[in-house]
Amino acid sequence: MREALRGSHQDFTTGNLNRAILLLAIPMVLEMVLESLFAVVDVFWVGRLGADAVATVGLTESLLSLVFAIGLGLSLSTTAMVARRIGEKDPKGAAVAGVQAIVLGLATSLLIGLPCFFYAPRLLQLMGASPQVVAVGSGYARIALGGSGAILMLFLNNAIFRGAGDAAIAMRLLWVSNILNLILDPCLIFGLGPFPKLGVTGAALATFTGRSIGVAYQFYRLLRGSERIRILRQQLRVDFRVLWRLLRVSLTGILQFAIAHTSWIGLVRIVSIFGSAALAGYTIAIRIVIFIILPSWGLSNAAATLVGQNLGAKQPERAEASVWRTGFYNMLFLGVVGIFFIIFATPVVRLFTHDPAVVPLAASCLRIVSYGNIGYAYGMVMLQAFNGAGDTITPTIVNLFGFWLCEIPLAYFLAIPARMQARGAYYSIVAAECLIAGGSILLFRRGYWKRQKI
């Protein structure tokens, strides 16, 4: 534990596999917990402002899911390329790949952030927000969507560290961001001390400030360097050959996560039909689920790094074994969490809201979604294993079938024609995730990913 938190210098292509998984997974799990704290802290304080404020956060987050899709797509290709170069014992090549990822991230941040800043209120209207929600949430949406470049760069820079095996650095810089967010959130929302009372807009400003300072610290650590990766001054240039290879893999990765995340927009649109209380309940429940699933993404990211580095070291059997073992650990973790949420859904929801109209709806969502935890556990590890190998096409196809050909049509049918209302959308999530898990396992066993070049 101490070595994992301090930063292990082990070669992850040799030695005990359980030890390698733990040394990578512990800081990556903590990193994901810290990333999820941004969302949980926001909804904890915003929940005290009423259903319209929580609905604002839910609608904006559903739009931000597209930004997350782009960030994750760029990140997975960055992790795969950096990990492959590290496995090949080529730290200079890893640094060059990292610089190209940063160039892509900065360009994408401008392309997304500027239009979103100016058209944020209109985007809320397109998502079905009521006039009251638009009035309350326009400032929040402008800052959250316009400042989305901070999210992209946070993801990308951490992907460089993860690919190099420096997971502890990625974890520590998120401590900086989250401590700032924890302090600033209540101050800017409620106007504590010398701070202005900004309401729900203050939550967006606090999160943006925390993330931006975290990005600045990331750049400092990349230039200062570590034993695994360091970006030198002469490497601060555009290498179009590497940039194109990274972009080619990233485009499929972006599509992969866009398919997944836009399905959440579809679900939000269906749930919004049933009013602000249903939308607020869905928002709170999904935030709680994300808080738990993001640590599992940490385990999945550990598997991706191990796959990339071991394929680079010409050890495909070790790469495969690391995925099966990580999937089993993830199943144990999410299985226990799922049982806890099924039993204690209502008390957990009451930590975030006491609105009598929202609590039963949020508890129902949390309980239903938790039924599929074991399926989520294996599915996310398998998909990240493909990504770690540089095979972004297989997960894209799996997501397309699972989310758009299964989840959205099923959600609409169960919610409206079958008259299950919002509960129908929740059951569709479980069905889609279990389908994705089964398909991923079957495709992983075929082994085509072992021959992927990046």
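Here, the structure is the one placed above.
I will try to describe carefully the structure that is included in this document. The structure displayed is predicted, hence computed values, not measured ones. (Residues numbered from 1 in each chain as written. Predicted model: local features only at pLDDT ≥ 70, side-chain atom pairs only at ≥ 80, totals over all residues. Heavy atoms only, no water.)

With that out of the way, let us pick up a nonpolar patch on the surface. Together, Ile393, Ile397, Leu400, Phe401, Trp404 and Leu405 give the surface a local cluster of nonpolar side chains, amounting to about 590 Å² of exposed area. Note on placement: Phe401 falls in helix α14 (residues 393-415). (Patch = residues over 30% accessible without salt bridge, like charges linked within 9 Å, V, L, I, M, F, W, Y side chains within 5 Å. Areas by Shrake-Rupley, 256 points an atom, 1.4 Å probe, with all protein chains shown as cover. Salt bridge = Lys/Arg side-chain N within 4 Å of Asp/Glu carboxyl O. Helix = DSSP H or I, 4+ residues; strand = E, 2+ residues; numbered from the N terminus.)

A separate point is the layout of surface pockets. In this structure, the second largest pocket spans a volume of roughly 150 Å³. Across the lining of the second largest pocket, the residue classes tally to two nonpolar, one polar and six charged. (1 Å grid on protein atoms, 1.4 Å probe; cavity = no way out; pocket = protein on both sides within 12 Å on 5 of 7 lines; lining within 4 Å. Points joined across faces, edges and corners; volume = space filled by probe spheres on them. Nonpolar A, V, L, I, M, F, W, Y, C, P; charged D, E, K, R; others polar.)

Note: most peptide bonds trans; most residues except glycine with negative phi. With phi around 60°, Lys314 is a residue other than glycine that occupies positive phi space. Tracing the chain through its elements places Lys314 in the loop between α10 (276-312) and α11 (316-349). Unlike most non-glycine residues, Arg419 shows phi in positive territory, near 60°. Tracing the backbone through its elements, the reader meets Arg419 in the loop between α14 and α15 (422-446).

Under the criterion given, the structure shown has two cavities of 30 Å³ or more. In this structure, the second largest cavity occupies an estimated 40 Å³ of space. In this structure, the second largest cavity is lined by Val289, Ile292, Ile293, Phe341, Val369, Ser370 and Asn373. For the lining of the second largest cavity, the secondary-structure elements that each account for two or more residues are α10 and α12 (359-370). Element by element, the count of residues in the lining of the second largest cavity is highest for α10, at three residues. Its residues assigned to classes, the lining of the second largest cavity shows five nonpolar, two polar and no charged.

Before going further, it helps to spend a moment on the pattern of salt bridges. Under the counting rule described, the total for this entry stands at two salt bridges. Across the pair Glu88 and Arg85 runs a salt bridge, and its minimum N-O distance is 2.9 Å. The exposure class of Arg85 is buried, given its relative accessible area of 9%. Across the pair Glu320 and Lys450 runs a salt bridge, and its minimum N-O distance is 2.6 Å. In this pair, Glu320 is assigned in helix α11 and Lys450 in the segment after α15, connecting sequence segments 130 residues apart. Residue Lys450 is classed as partly exposed on the basis of its relative accessible area of 29%. (Buried < 20%, exposed > 50% of the residue type's maximum accessible area, 1.4 Å probe, protein only.)

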